[in-house]
Amino acid sequence: MISLMQGVLGLASGALVGFSLGLVGGGGSILAVPLMVYVVGVPDPHVAIGTSAMAVAANAAVNLSNHSRGGTVRWSCALPFAAAGIVGAFAGSILGKMLDGQRLLALFALVMLLIATLMLKTRARIGLPDVKMDWTNMPAIVGLGLATGTLSGFFGIGGGFLIVPALMLATGMPIMNAVSSSLVAVTAFGLTTATSYAWSGLVSWQLAAVFIAGGIAGGLIGTHLARSLAARRGALNIVFAAVIIAVALYMLARTLSLT
């Protein structure tokens, strides 16, 4: 059972997570795990990871529905990317439960900083809004899907911060389409990780429900803001990069303080 205060804090935290997913297609579990541990007060980090994975998967699915109604999801690219990533996410989640991973988490943060730099350098690129999967981009879609899924499962994250640039790299689609399409993989990766943790009894279902409720409201706001920013060339790239940098610096500070 969770206390009333934990419920209120979980609702507010879930709204923040949902807002991030709706806005940039990422940041879900990276935000949810520390929020559950340091704000809500979940004592077991593995329970926090499992619960956040379940909540983020559900919130990503709701945000995916919002983006889909806007016609910005590129299903022919998103579905095979997610399918390949599920295999990696399952294997990664098994490894994640066995290893500490603090040093790898610091390396992951450095990779995020590199991604943010690349996103800023390509912020003026228009992209190909009507892109579809074909024989030329299929190897990149499947390969990058497998790689991001493995990292997602290992670190217990939805993987949106990697999925969005990976989809842009593999297909050349604009960031708005990548943000929307990434939610297919975030949902799939989250469910895969959550199922693995739930099988081990590491999910707080009450807290997950509270997070999901808050995330629905936050996601609606984030999706609306993403559409507004997408109309301004490069604006969404800048916001995406800024969020990545902030989260990466936080991760580095946390991991370095633990070493």
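Residues numbered from 1 in each chain as written. Predicted model: local features only at pLDDT ≥ 70, side-chain atom pairs only at ≥ 80, totals over all residues. Heavy atoms only, no water.

## Some remarks on the overall build of the protein chain
In terms of helices and strands, the protein chain carries ten helices and zero strands. Ordering the α and β elements of the protein chain from the N terminus gives α-α-α-α-α-α-α-α-α-α. A compact globule built from 259 residues would reach a C-alpha radius of gyration of about 18 Å, and the protein chain, at 17 Å, matches this within 12%. Per-residue burial over the protein chain gives 54% buried out of 259 residues. The long-range share in the protein chain, meaning contacts at least 24 apart out of those at least 6 apart in sequence, stands at 85%. Computed over 12 positive and 4 negative side-chain charges, the separation of the two mean positions in the protein chain equals 11 Å. (Helix = DSSP H or I, 4+ residues; strand = E, 2+ residues; numbered from the N terminus. Rg over C-alpha atoms; globule rule 2.2 N^0.38 Å. Buried < 20%, exposed > 50% of the residue type's maximum accessible area, 1.4 Å probe, protein only. Contact = heavy atoms within 4.5 Å. Lys, Arg positive; Asp, Glu negative; His and termini not counted. Charge placed at Lys NZ, Arg CZ, Asp CG, Glu CD.)

## Here's the deal with helix α3 (residues 45-69)
The terminal C-alpha atoms of α3 lie 36 Å apart, and with 25 residues this matches the ideal 36 Å at 1.5 Å per residue to within 8%. Of the residues that open α3, the one with a side-chain oxygen 2.9 Å from the backbone nitrogen of His46 is Asp44. (Expected span 1.5 Å × (residues − 1). Polar contact = N/O pair within 3.5 Å; in protein donor to acceptor, adjacent residues only side chain to side chain.)

## Quick notes on the nonpolar core
Grouped together as the largest cluster of nonpolar side chains are 72 residues, with contacts concentrated most on Phe81, Met112, Phe161, Ile175, Phe211 and Phe240. It is helix α8 (residues 175-199) that contributes the most residues to this core, twelve residues altogether. When residues no more than four places from it in sequence are discounted, the contact partners of Met112 are Ile30, Phe161, Ile244, Val247, Ala248 and Met251. (Core = buried A, V, L, I, M, F, W, Y, C linked by side-chain atoms within 4.5 Å.)

## Description of the packing of α3 against helix α9 (residues 205-230)
Where α3 contacts α9, the axes come no closer than 8 Å and their chain directions differ by 35°. Our pair here, α3 against α9, has a crossing hand that is right-handed. Contacts between α3 and α9 involve Thr51, Met54, Ala55, Ala58, Asn59, Val62, Asn63, Asn66 and His67 from the first element and Trp205, Leu207, Ala208, Phe211, Ile212, Gly215, Ile216, Gly219, Leu220, Thr223, Ala226 and Arg227 from the second. Along the lines of polarity and charge, the residues of the contact of α3 with α9 split into twelve nonpolar, eight polar and one charged. (Axes fitted to C-alpha atoms, helices over the stretch in contact; angles between N-to-C directions. Left-handed = near helix turned anticlockwise from the far one by under 90°. Nonpolar A, V, L, I, M, F, W, Y, C, P; charged D, E, K, R; others polar.)

## Some thoughts on the side chain of Thr171
Within the secondary structure, Thr171 is located in helix α7 (residues 160-171). Owing to a relative accessible area of 8%, Thr171 belongs among the buried residues under this scheme. Among the polar contacts made by the side chain of Thr171, one reaches the main-chain carbonyl oxygen of Leu167 at a distance of 2.7 Å. Of note is the side chain of Thr171, whose polar atom sits 3.2 Å from the backbone nitrogen of Met173. Discounting residues that sit within four places of it in the chain, Thr171 has contacts with Cys77, Leu128, Val131 and Ile141.

## Points about the side chain of Arg74
By the element assignment, Arg74 lies in the loop between α3 and α4 (75-98). Judged by its relative accessible area of 16%, Arg74 falls in the buried class. Those residues in contact with Arg74 that lie beyond four places of it in its chain are Pro129, Asp130, Val131, Met173, Asn177 and Ser181.

## Considering α8
Relative to the 36 Å expected for 25 residues at 1.5 Å per residue, α8 spans 35 Å between its end C-alpha atoms, a close match to the ideal helical length. The buried fraction of α8 is high, at 21 of 25 residues. Immediately beyond the C-terminal end of α8, within one or two residues, lies Gly201, with a positive phi of roughly 70°.

## Focus on the environment of Ile86
Counting through the fold element by element, Ile86 comes out in helix α4. On a C-alpha basis, the gap between Ile86 and Phe19 in space is 24 Å, while along the polypeptide they are 67 residues apart. Beyond its immediate sequence surroundings of up to four residues, Ile86 is in contact with Ala188, Phe189 and Thr192.

## Quick notes on the packing of α7 against α8
One can describe the packing of α7 onto α8 by two numbers: an axis separation of 8 Å at closest approach and a directional angle of 130°. The orientation of α7 relative to α8 falls into the category oblique. Crossing angle aside, the handedness with which α7 passes α8 is right-handed. Across the interface between the two elements, Gly160, Ile163, Val164, Leu167 and Met168 from α7 touch Ile175, Ala178, Val179, Ser181, Ser182, Ala185, Val186 and Phe189 from α8. Of the residues that constitute the contact of α7 with α8, the class distribution is ten nonpolar, three polar and no charged. (Parallel < 35°, antiparallel > 145°, perpendicular 65-115°, else oblique.)

## Considerations on a nonpolar patch on the surface
Taken together, the side chains of Phe90, Ile94, Leu95 and Met98 make up a nonpolar region of the molecular surface, amounting to roughly 390 Å² of accessible area. Note that Phe90 resides in helix α4. We classify Phe90 as partly exposed; its relative accessible area is 47%. (Patch = residues over 30% accessible without salt bridge, like charges linked within 9 Å, V, L, I, M, F, W, Y side chains within 5 Å. Areas by Shrake-Rupley, 256 points an atom, 1.4 Å probe, with all protein chains shown as cover. Salt bridge = Lys/Arg side-chain N within 4 Å of Asp/Glu carboxyl O.)

## Some thoughts on the confidence of the model for the protein chain
Across the protein chain, pLDDT averages 82, with 91% of residues at or above 70. Of all secondary-structure elements in the protein chain, the lowest mean pLDDT belongs to helix α5 (residues 102-121), at 74, while α9 reaches the highest, 88. (pLDDT = per-residue confidence, 0-100.)

## Re the environment of Gly50
Inspection of the secondary structure puts Gly50 in helix α3. Here Gly50 falls in the buried class, since its relative accessible area comes to 0%. Sequence separation between Gly50 and Trp205 is 155 residues; the distance between their C-alpha atoms is 9.9 Å.

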